[in-house]
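Take a look at the letters that make up each chain.
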Amino acid sequence: AKDLPVLKFGTSQNLRPGEFAIAIGSPFGYDHTVTLGIISAVGRTVDDINGNINFIQTDAAINPGNSGGPLLNLKGEVVGVNTAIKDNAQNIGFSIPVDVARNVAEDLINNRTIERPWLGIGMSELKESQAKTMGLPITTRGVLVEKVYKDSPAEDANLEPGDILLKLEGKTVLTPRDVQNI
């Protein structure tokens, strides 16, 4: 077919919680479903899916079958690609930011390899109470390794649950997001 209409890409860089969001998809086989909600959060880490992408969280209803559908702003521009839901909750959906999706699409179109760094750890910000329990000064700040995945780079590097990351590549890390960004 020729001259088919296409959606315009927006950007996900300036999204703010509270902005309206429209999700389109085919949940449970119901074609052409449109739901309205808001951007609940940006920069969400969803370890169950892929810890390397900071997702857009929305309360626009996303259900099984919405994956791959667009998340739109009120101008009708694509700001995300609907990807997943929190299965034990209601109206907690996640979309890949369109800027990430656009880069991946360009790489695929140009036959480039898509590489995503992966450490293979579950992590959290080190809490004061945890530092105290571990016999460390309560002022210790860093990222606590909670889990090391089998056959991961972290396992190869002999990281273990209970280790604390203070710096990566010479840069101080205080939160899991710091680790992901580096």
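Novice: Is there a simple way to think about the overall build of the protein chain in this case?
Specialist: Secondary structure summary: the protein chain contains four helices and eleven strands in total. Across the 182 residues in the protein chain, those meeting the buried criterion constitute 31%. For the protein chain, the share of sequence-separated contacts (at least 6 apart) that also reach a separation of at least 24 residues comes to 48%. Of the roughly 11,500 Å² of accessible surface on the protein chain, 52% is carried by carbon and sulfur atoms.

Novice: How should I be thinking about the sheet that holds strand E4 (residues 70–72) in this particular structure?
Specialist: In a beta sheet, neighbouring strands pair by backbone hydrogen bonds and run either parallel or antiparallel. Ordered in space as E1-E2-E3-E6-E5-E4, the six strands form a closed barrel in which the pairing is antiparallel. Adjacent strand axes in the sheet meet at a mean angle of 45° when their direction is disregarded. As paired elements, strand E3 (residues 54–58) and strand E6 (residues 93–97) share three bridges and run antiparallel to each other. Residue Ile56 lies in a different strand from E6, and its bridge partner there is Ser95. Running at roughly 50° to E6, helix H1 (residues 98–109) makes contact with strand E5 (78–85) and E6 of the sheet.

Novice: Mind showing me how you'd approach the pairing of E3 here?
Specialist: Every other side chain in a regular strand lies on the same face of the sheet, so the side chains alternate between the two faces. Burial runs high along E3: four of the five residues are buried. The pairing of strand E2 (residues 33–45) with E3 spans four bridges and is antiparallel. Its bridge partner lying in E3, Ala41 is registered against Gln57.

Novice: Help me out: how do you make sense of a nonpolar patch on the surface in this one?
Specialist: Taken together, Phe20, Leu36, Ile38 and Leu74 make up a surface patch of nonpolar side chains, about 400 Å² in accessible area. Take Ile38: its relative accessible area is 31%, and that puts it in the partly exposed class.

Novice: What is the right way to look at the sheet that holds strand E9 (residues 164–165) in this model?
Specialist: Ordered by their spatial adjacency, three strands build an open sheet running E7-E8-E9, and the pairing between neighbours is antiparallel. In the strand order of this sheet, the two ends are held by strand E7 (121–125) and E9, each with one partner. The pairing of E7 with strand E8 (residues 143–148) spans five bridges and is antiparallel. The residue bridging Ile121 from the neighbouring strand is Val148, located in E8.

Novice: Explain the confidence of the model for the protein chain to me, please; I cannot follow it from the model alone.
Specialist: A low pLDDT score tells you not to read the predicted coordinates there in detail. On average, residues of the protein chain score 90 in pLDDT, and 97% of them are at 70 or above. The least confident element of the protein chain is helix H4 (residues 176–181), whose mean pLDDT is 81; the most confident is E4, at 97.

Novice: In this structure, what is going on with the environment of Leu15? I would like to understand it.
Specialist: Residue position: Leu15 is located in the segment before strand E1 (20–25). Apart from the residues within four sequence positions on either side, Leu15 is in contact with Ile39, Val42, Ile56 and Val79.

Here is what the cut-offs are and how they apply
- Sequence order sets the numbering: in each chain, residues are counted from 1 along the sequence as written.
- At least 70 in pLDDT is required for a residue's local features to be given in this predicted model, at least 80 for side-chain atom pairs to be given and counted, and no such filter applies to totals for whole chains, interfaces and linings, which use all residues.
- To obtain the side-chain values, all non-hydrogen atoms of the structure were used and water was disregarded.
- For the purposes of this entry, the term helix denotes a DSSP run of H or I that reaches at least four residues, the term strand denotes a run of E that reaches at least two, and both are numbered from the N terminus.
- Buried means the residue's accessible area, taken with a 1.4 Å probe over protein chains only, is under 20% of the maximum for its type, while exposed means over 50%, and partly exposed covers the values in between.
- We call two residues in contact when some of their heavy atoms are within 4.5 Å.
- Here the open area of atoms and residues is found with the Shrake-Rupley method and a 1.4 Å probe, where only the protein chains shown may cover a residue.
- A pair of strands is treated as paired once DSSP finds two or more bridges between them.
- All axes here are fitted lines through C-alpha atoms, helices being fitted over the stretch that makes contact, and every angle between N-to-C directions spans 0 to 180 degrees.
- Patch criteria: residues need more than 30% relative accessible area and no salt bridge. Like-charged residues are merged within 9 Å; nonpolar side chains of Val, Leu, Ile, Met, Phe, Trp and Tyr are merged within 5 Å.
- A pairing counts as a salt bridge when a side-chain nitrogen of Lys or Arg comes within 4 Å of a carboxyl oxygen of Asp or Glu.
- Confidence of the predictor at the level of single residues is given by pLDDT, which spans 0 to 100.

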